[in-house]
Structure formats: structure tokens, C-alpha cells
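Residues per chain, in single letters:
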Amino acid sequence: MAKKKFIVGNFTDEAVLFPAVKKVRRAGYKLHDVFTPFPIHGLDKEMGLRDTSLHTAGFIFGITGTTTAVSFITWALTIDWAINFGGKPYFALPAWIPVTFELTVLFAAVGMVLTFCWLCQLAPFVKKDHFNPRSTDDTFVMALECTSATNDTEAKQFLQTIGATDVTIETRETGWWLGSYATDKMRFEKN
Amino acid sequence: MAIRSTFTVPKRFQTISMALMAFGLLSIIGLWVTSGSSSDPAEQARFWASLLQNSVFFLLVVNASMFFICITTLAWGGWQMAFRRVPEAISAVVPVIGVICGAILLAIVFGDNHTIYHWTDAEHVTHDPILSHKKGFLNKPFFAIATIVTIAGWSLLGWKMRQLSRKLDNEPLATLEERKKYIFSNTVWAALFIVLFSLTVMSSIPWLWLMSIDAHWYSTMYSWYTFASTFVSGMALIALFVIFLKNNDYLEYVNNEHLHDLGKFMFAFSVFWTYLWFSQFMLIWYANIPEETVYFQPRAHGIYKGIFWLMFIINFIAPLLILMTRNAKRNYGTVALMAVLIIFGHWLDFYQMVFPAVSPNKVPNILYDLGIALGFVGLIMYVTAKALAKAPLLARNHPFVKESLIHHT
């Protein structure tokens, strides 16, 4: 597999991290990701991440659940095995709503968990590479990806000037455990 | 532009609210001439039922504002502080509509016409085993006392909560200890209000005021369902006032994030209302016992079918589909439109709660009722604006205010 080079820096303060993210993006470096021990409101916007598509997936899964429930019960209770329950019509929609609701929720919930794992590339027994174990404890870890346009030492110095400590250059094998946020690769290459 | 921290009522706003009130009064007079003054008891009942439906609906809607303040206070919520003066001002309408509503209810109960509350007919009750069984609850003195105590309690506790909030405007809290004490006293008063609220709106009051119109029928879900109806309308009303103030360059700290949360409340409680509405409907539909289905027969299958299903579309399907996305809840236009629609939808809901029992043979001309509703809207606009102008729009010295200014969803 191909190797990629990353410049990794630590931040200990949100108030330093936010302007740093802005400066990195303005300077034209390719921001691979920022790893934080807890969710930080507004960081996604600052990093320029697009809105998640998880809710669209959830809607589609939910609709699928509704359709499955209604069509299966309709088939079972009106065509395949029609039974008269207390003189009610065979197509007794109000009685089916609870089941339909539950199936909608079940499909949406399970589907969204799986979609979430797929979007974040999580799976059992796979260790995600987040460069620095302290990002699960007390520091915010920022990783820049080196492209053909990046001057490594310059970038390293740049990270230090905007407030990062312990800046290192690391090499990783590419692969889905690294995450693939880079849909706009071309922008950061030398032309 | 300079920050405008106190609200001055615009001339046009005042004129419109006065015009609406005048229109409402005209509608009441018109309805009195056509129905109320008639010698036919059914026609008289149609007049009083219209007043009953409108005053009870709008009283419960404005009271929902104080409920919103109290639950957020109890939960130690901070996000609503940027616009908290708006629900406070809306809740100042409670005493005004409370007096009107109380007068109407007592007039109906102690009047000679027993068409609306036929349990008030003592002669009839003696022959009616179901009603004589319910005499311990459905009797005139209890109704009167419960009504007066309830409305007075809402008004007094609401007044206390508003006082607590306004007290801080002139005397900021210096130390941490004082702030803790302030939050504690707020919590105690809010808890008292919630207790009263759950004993009234969430249980006894809708049974007395609305469910006893169909005195033979009962549903234990009825009060929750009424509460959900008025709470979602109350949130829509708060959202409307917030958007109005925002459009007029007030509330500079309120942004999309706060609007998003108001939209979430409108969306979530529309779904909650549907859950209760459907649970009540489905259990009765499934059991199919005549004493219970008698309630839904005129509504879902009889002449009130149109209103019944229209209300279901407005109150459930429209909010579900339109308010579902994040962008819709952060858009001032969409939220304002949906707020108007939701208030109208739940007004229709109250309409089909009251009228099928009062006028079982023909649907009354709804235009009169809409006219009276506009009168109440004018009254709410007028009193709320007056109350808003009395205090600064931001409770600047409240300990939680910073939480609201940096609020982020």
C-alpha cells in the first residue's frame, strides 16, 4: 500500500485550536483531521466539513421500514390468510399502526448505526489510527497531510507558530482505517 | 445600529391589535343576534359554545408559556434566556383571558340552558344512572370552585415567576452565594407551578371544562391530549413573537440556534400530540364498545368528518413533513408559516372537541367562530406587547444568561 506523510501537532486549548484551524486552512495546507477527546461544537464548521448525510439515510431507512410493515401485513391479513377479527374489516389500518411505527423505528435505528459505522469506517476489531493516544485523553491532535505542494519543514514550523506542541512528521500506510475525508484531492496538489 | 434593549409598541401593531379586537367584538355581537338571543336553547348553546371553545383554547395556549418557563427553570436550562422575556410577556395575558374565560364558564354552568353541560340539569341527572354516578365530580359548586382556584392559581404563580425575573433588572447579584440562592428560589416557585399545572391542565381541568360536554363518555387520555394540543400551540405562539421582534431589530442575541430549538419543540410536540390522539382513537376503535365509540361516530364518520381529518393533516402530516429538516427549522419564514398553521390546526382540534355534542345535526357556520378567534388574537397581541414594553428584553443579570448567548446546537 501507498505511504502518506502527515505532520501532527498537539493543542491543549480550544481557544488556540479554533484560530489555528482557520489559519491552517487559509495557508492552503491540507487538513487531514482533528482528533479530540470530546465533541466540540462548531469545530466541524471551522474545519469546512460538509453536513452529514446520516439523516437522509435515516429517512430512507425509516420509509423502507414503513413500507415493509404495511405491505407485509396487508398481504398477510387480506390476501394470504384473511381472518375476521370481531367483525373488523380485513384492511384494519389503525390496528397496524403500532407495528408499522415499531418497524419504522427499528429499520431507521439499525440502518443508521450501520451507516454511521460505514461513514466513520468503524468495525469490530479494527483499530483506528489517530496518531497520538493523548487525543483520547487531554489534548486535541491536528494532522496535516503532506501533498506534493507541501514543504515539510515549513509546515512543521508553521504548526509551531500557531500554537502546537510536540510537532512530529509521521508516515502511515493509506487505507480505510485512516479515514478518507479527502474528496477534493486536486486542490492541494502541485500543478 | 444602536442596540434596542426595550420594546416600544409600534403604532401599526397597536392599530392592528385594536382592529382585531373590534372585529372579534363585532363577531360576538353578530353571533348573539343570529343565535344567542334566540329562544331556541340549541341556538343559544351554539353561541355559548363558541365563546367557551375560544376562551378555553386561548387561555390554555397563553398559559403554556408559563409552563415552558417553569420546565426550563426546573431543568436549569439556560438556552432560552435570550428570549425568556417573550414567554413571560405572553403569560401576562393569563389573568386577562382567565377572567373572561372564568366568567363565560360560570355563566354557562349557572345559566338555565343545559344543552352544553347537561349534567347541570338536576332534574335530568336523577333519571340518568351514569350522570348520578358522576355527581361527586360533576356538580356546580365543585366546578365553580375548581375553575376559580385554578385560574387564580395560574395567575398568581405566573405573576410570582415574572416578579422574580424582573427583580434582577435593577439589582444584580454580586456573589456566587446570592446567585445560588436566586436559582433555588426560582426552582421552588417553578416546582409549585408545575404541581398546580399537573393537577389542573394535565388532569382535572380539561375533564371539567371540555370532556364534561360529552358527560356520558370519558377518556383518561383526554387531558394529556389537550395539554399536548395547547403546549404545541403555545410554543408556536412564542416562536411567532420571537420572529416578530427579530424582524423589528430587537432581541439581538437570538439567532438561528434558538429558532432551531423552538422549531424542534414545535416538531416534537406535534408528533407527541399525534401519539396521544391516535392512542385514544385506536383503543376506542379496537375495543368497539358503544359507550366509547359514541364520541368518535359524529367526528370521524359523521358531519364533522371534514374538520376532523383536516385537523389531522394540519397538526400531524404538515409539521412532520415540513419541519423535519434542519434547514426548515432554521428558516424564519418556514417556522413562522408553520406556527400560524399549527395554532389554527389546534384551534380546529378544540372546535371538534366542543361542537359535535352541542350541535349534532348541523355543522355551525365556522366563520363566526373564526371572527371571535381573531378577537382573542388581537387581545393577546395587545396585552403581550404592553407587557413586553414594561421590562428590558434581555434578563441581563440572570446567572444563566451567558449560556444562552453562546448557545449552539
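In what follows, the structure referred to is the one given above.
In this report, we go over the structure that sits alongside the text. Computed from a predicted structure; not experimentally measured.

### Notes on the interface of chain B and chain A
Phase 1 of the analysis: Taken together, the seven residues of chain B in the interface contact six residues of chain A.
Phase 2 of the analysis: Considering only residue class, the side of chain B that touches chain A consists of five nonpolar, two polar and no charged.

### Details of the sheet that holds strand β3 (residues 140-145) of chain A
All names here are of chain A.
Phase 1 of the analysis: The strand order across the open sheet formed by four strands is β2-β3-β1-β4, and the pairing between neighbours is antiparallel. Looking at strand neighbours, the two that pair on one side only are β2 (30-35) and β4 (165-173), the edges of this open sheet. Going from strand to strand, the sheet's axes swing by 25° on average, the running direction of each strand aside.
Phase 2 of the analysis: Judged from the five bridges that link them, β2 and β3 form a sheet pairing that is antiparallel. Looking across to β3, one finds that Leu-31 is bridged to Leu-144.

### A closer look at the packing of helix α7 (residues 140-170) of chain B against helix α8 (residues 176-209) of chain B
All names here are of chain B.
Phase 1 of the analysis: Between α7 and α8, the least distance of the axes is 10 Å, while the angle of their chain directions is 155°. Considering the angle they form, α7 stands roughly antiparallel to α8. Crossing angle aside, the handedness with which α7 passes α8 is left-handed. Two secondary-structure elements touch here, α7 through Phe-143, Ala-146, Thr-150, Gly-153, Leu-157, Lys-160, Met-161 and Leu-164 and α8 through Ser-185, Asn-186, Trp-189, Ala-190, Leu-192, Phe-193, Leu-196, Thr-200, Ser-204, Ile-205 and Leu-208.

### Notes on unusual backbone geometry
Phase 1 of the analysis: If you check the backbone angles, A:Asp166 has positive phi at about 50° while not being a glycine.
Phase 2 of the analysis: By the secondary structure assignment, A:Asp166 is in strand β4.
Phase 3 of the analysis: Phi at B:Asn288 is positive, roughly 55°, even though this residue is not glycine.
Phase 4 of the analysis: Turning to its location among the elements, B:Asn288 is positioned in the loop between α10 (256-287) and α11 (290-301).

### Re helix α12 (residues 305-322) of chain B
Residues three or four positions apart in an α-helix share a direction because the helix packs 3.6 residues into each turn.
Residues and elements named next belong to chain B.
Phase 1 of the analysis: The end-to-end C-alpha separation of α12 is 24 Å, in line with the 26 Å expected for 18 residues at 1.5 Å each.
Phase 2 of the analysis: Of all the bends in α12, the largest measures some 30° and sits at Ile-313.
Phase 3 of the analysis: When α12 is considered as a whole, its buried residues turn out to be Met-311, Phe-312, Ile-314, Asn-315 and Pro-319.
Phase 4 of the analysis: Structurally, α12 contributes buried residues whose contacts are with α10 and α14 (332-358).

Definitions and cut-offs
- Residues numbered from 1 in each chain as written.
- Chains lettered and ligands numbered in written order.
- Predicted model: local features only at pLDDT ≥ 70, side-chain atom pairs only at ≥ 80, totals over all residues.
- Contact = placed C-beta atoms within 7 Å.
- Nonpolar A, V, L, I, M, F, W, Y, C, P; charged D, E, K, R; others polar.
- Pairing = 2+ DSSP bridges.
- Helix = DSSP H or I, 4+ residues; strand = E, 2+ residues; numbered from the N terminus.
- Axes fitted to C-alpha atoms, helices over the stretch in contact; angles between N-to-C directions.
- Parallel < 35°, antiparallel > 145°, perpendicular 65-115°, else oblique.
- Left-handed = near helix turned anticlockwise from the far one by under 90°.
- Expected span 1.5 Å × (residues − 1).
- Bend = angle between axes of the 7 residues up to and from the residue.
- Buried ≥ 20, exposed ≤ 12 C-beta atoms within 10 Å, placed from the backbone.

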